[in-house]
Amino acid sequence: MTSASALASSRRARIPRMPMSSAQRAANRRRAVTGWLFILPFTIVFAVFLVLPLLYAFYNSLFTKGLATGTQFAPLDNYIKAFTDPSFLGGVGFVLLFSLVLIPVQMIVSLAIALVLDAVTTRFARFARLMIFLPYAIPAVIGAIMWGFLYSPTFGPLGQLFGLVGLKAPFLLDSSHVFGGLMNVVTWQWAGYYMIIIYAALQGIDPTLYEAARIDGANAWQIALRIKLPLVTNALLLILVFALIGTLQFFTEPSVLRTISNGGITADFTPNLYAYYTAFSYAQFNYASALSFALGVVVFICVYVFLFLTRKRGSFLS
């Protein structure tokens, strides 16, 4: 069978190809030009607002600027300073620890909600999916301001609830509670989005698998753990990568809530926040550019290591 297919392939290879006519070549060129015209607007926006700023920031990171020395070309000085800066390393350590705690919580919450909504087929389930997804549709700045009001021990509802029993409400943004306070905000913001991804993966599973499992005597808990969960591991892996990249670049929520945190959120709380204040509060644009690219290196290494380990094992659940 193999020799016959090889013989047929060799015969097809010996058949000479007819040269394209000028009309066919012109039609192919028109199709190619039409395709490039369709992607041209996106290409222009992508180049102007992403590629060029990145190149300019990288160019800035290669120089040092001082009052006495002026601007000097020093391609490695800023990066050496960044990776030995206690403020930058402390921020990296915080976001790594934050990722180790936050990402499993987000995945468990979103997976549990998706499994429940997949099992419930009433109209309430549709309404619940919309309500759970709604926080993701709210801009992160508005969500952070709202949580800042809810966390306030003086004029927020938390202080009033504790006041009913004669207790003083804890401030969830001070230095001793800020970790859990921010984790709650981010989970509220993103769990609905991750739930939609998992729910879409669950909807793609063949229902006959569930029927066969029920015939074999499996209950709903066994179906969820032994059929649904293994079949949505690709969606969980996608969520984990998204969450890892986003958490390592944590910026919006701490930057908005910093003004009301009473010192719980400092200028070097996260690497992105440190780079922002270095640039716009201390006017060290060269060093801030290097901090941004140093964070990019950290994100790339973390994601690459994770993807490499999961590729070797076949699945991060195995």
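Anything mentioned here points back to the structure above.
Quick summary incoming for the structure in this document.

Reading guide: rules and limits
Residues numbered from 1 in each chain as written. Predicted model: local features only at pLDDT ≥ 70, side-chain atom pairs only at ≥ 80, totals over all residues. Heavy atoms only, no water. Helix = DSSP H or I, 4+ residues; strand = E, 2+ residues; numbered from the N terminus. Rg over C-alpha atoms; globule rule 2.2 N^0.38 Å. Buried < 20%, exposed > 50% of the residue type's maximum accessible area, 1.4 Å probe, protein only. Lys, Arg positive; Asp, Glu negative; His and termini not counted. Charge placed at Lys NZ, Arg CZ, Asp CG, Glu CD. Pairing = 2+ DSSP bridges. Salt bridge = Lys/Arg side-chain N within 4 Å of Asp/Glu carboxyl O. Phe/Tyr/Trp six-rings, centres within 6.5 Å; stacked < 30°, edge-to-face > 60°. Lys NZ or Arg CZ within 6 Å of the ring centre and 35° of its normal. Expected span 1.5 Å × (residues − 1). Polar contact = N/O pair within 3.5 Å; in protein donor to acceptor, adjacent residues only side chain to side chain.

**Focus on the overall build of the chain**
Moving on, step 1. Helix and strand counts for the chain come out as 14 helices and 2 strands.
Moving on, step 2. On C-alpha atoms alone, the chain measures out to a radius of gyration of 27 Å, which is more than a quarter above the 20 Å that the 2.2 N^0.38 rule sets for 318 residues.
Moving on, step 3. On the principal axes, the C-alpha backbone points of the chain span a range of 85 × 70 × 35 Å.
Moving on, step 4. Per-residue burial for the chain yields a buried fraction of 35% across its 318 residues.
Moving on, step 5. If you average the places of the 21 positive and of the 9 negative side-chain charges in the chain, the two averages end up 19 Å apart.

**Quick notes on unusual backbone geometry**
Moving on, step 1. One non-glycine residue with positive phi stands out, namely Asn-262, at about 55 degrees.
Moving on, step 2. Following the sequence through the fold, Asn-262 ends up in the loop between α12 (252-257) and α13 (271-280).
Moving on, step 3. For Asn-262, a relative accessible area of 69% puts it in the exposed group.
Moving on, step 4. With a phi angle near 55 degrees, Ala-283 is a residue other than glycine that sits in the positive phi range.
Moving on, step 5. Structurally, Ala-283 can be placed in the loop between α13 and α14 (285-313).

**So, the side chain of Ser-261**
Moving on, step 1. You can see Ser-261 is positioned in the loop between α12 and α13.
Moving on, step 2. On the basis of relative accessible area, Ser-261 is assigned to the buried category, the value being 0%.

**Quick notes on the pairing of strand β1 (residues 63-66)**
Moving on, step 1. Where β1 meets strand β2 (residues 70-73), 4 bridges bridge the pair, whose relative direction is antiparallel. Counted as the bridge partner of Thr-64 is Gln-72 from β2.
Moving on, step 2. In sequence, β1 turns back onto β2 through a hairpin of 3 residues.

**Side note on the pattern of salt bridges**
Moving on, step 1. Inspection of every chain in the model, using the stated rule, returns 1 salt bridge.
Moving on, step 2. The salt bridge partner of Lys-228 is Asp-118, with a shortest N-O separation of 2.8 Å. Of the two residues, Lys-228 sits in helix α10 (residues 220-231) while Asp-118 sits in helix α4 (residues 86-119), which places them 110 residues apart along the sequence.
Moving on, step 3. For Lys-228, a relative accessible area of 9% corresponds to the buried category.

**A closer look at the packing of aromatic side chains**
Moving on, step 1. Summed over all chains, the structure comprises 25 aromatic pairs.
Moving on, step 2. The interplanar angle of 90 degrees and the centroid separation of 6.0 Å between the aromatic rings of Phe-83 and Phe-88 together place this pair among those described as edge-to-face.
Moving on, step 3. Exposure remark for Phe-88: the relative accessible area of 0% places this residue in the buried category.
Moving on, step 4. A centroid spacing of 5.8 Å and a plane angle of 80 degrees characterise the contact between Trp-190 and Tyr-193, whose relative ring orientation is edge-to-face. Note that Trp-190 and Tyr-193 are positioned in helix α8 (residues 178-203) at a spacing of 3 residues, about one turn of the helix.
Moving on, step 5. Relative accessible area serves as the criterion here: at 21%, Tyr-193 is assigned to the partly exposed category.
Moving on, step 6. Three or more aromatic residues joined by ring pairs make a cluster, and in this case those are Phe-94, Phe-98, Phe-179, Phe-250 and Phe-269.
Moving on, step 7. Positioned above the aromatic ring of Tyr-287 is the side chain of Lys-81, whose terminal nitrogen or guanidinium carbon lies 4.3 Å from the ring centre.

**Quick look at α4**
Moving on, step 1. With 34 residues, α4 extends 49 Å from end C-alpha to end C-alpha; this agrees with the ideal 50 Å at 1.5 Å per step.
Moving on, step 2. Capping of α4 at its N-terminal end is provided by Asp-85; its side-chain oxygen lies 3.0 Å from the backbone amide nitrogen of Ser-87.

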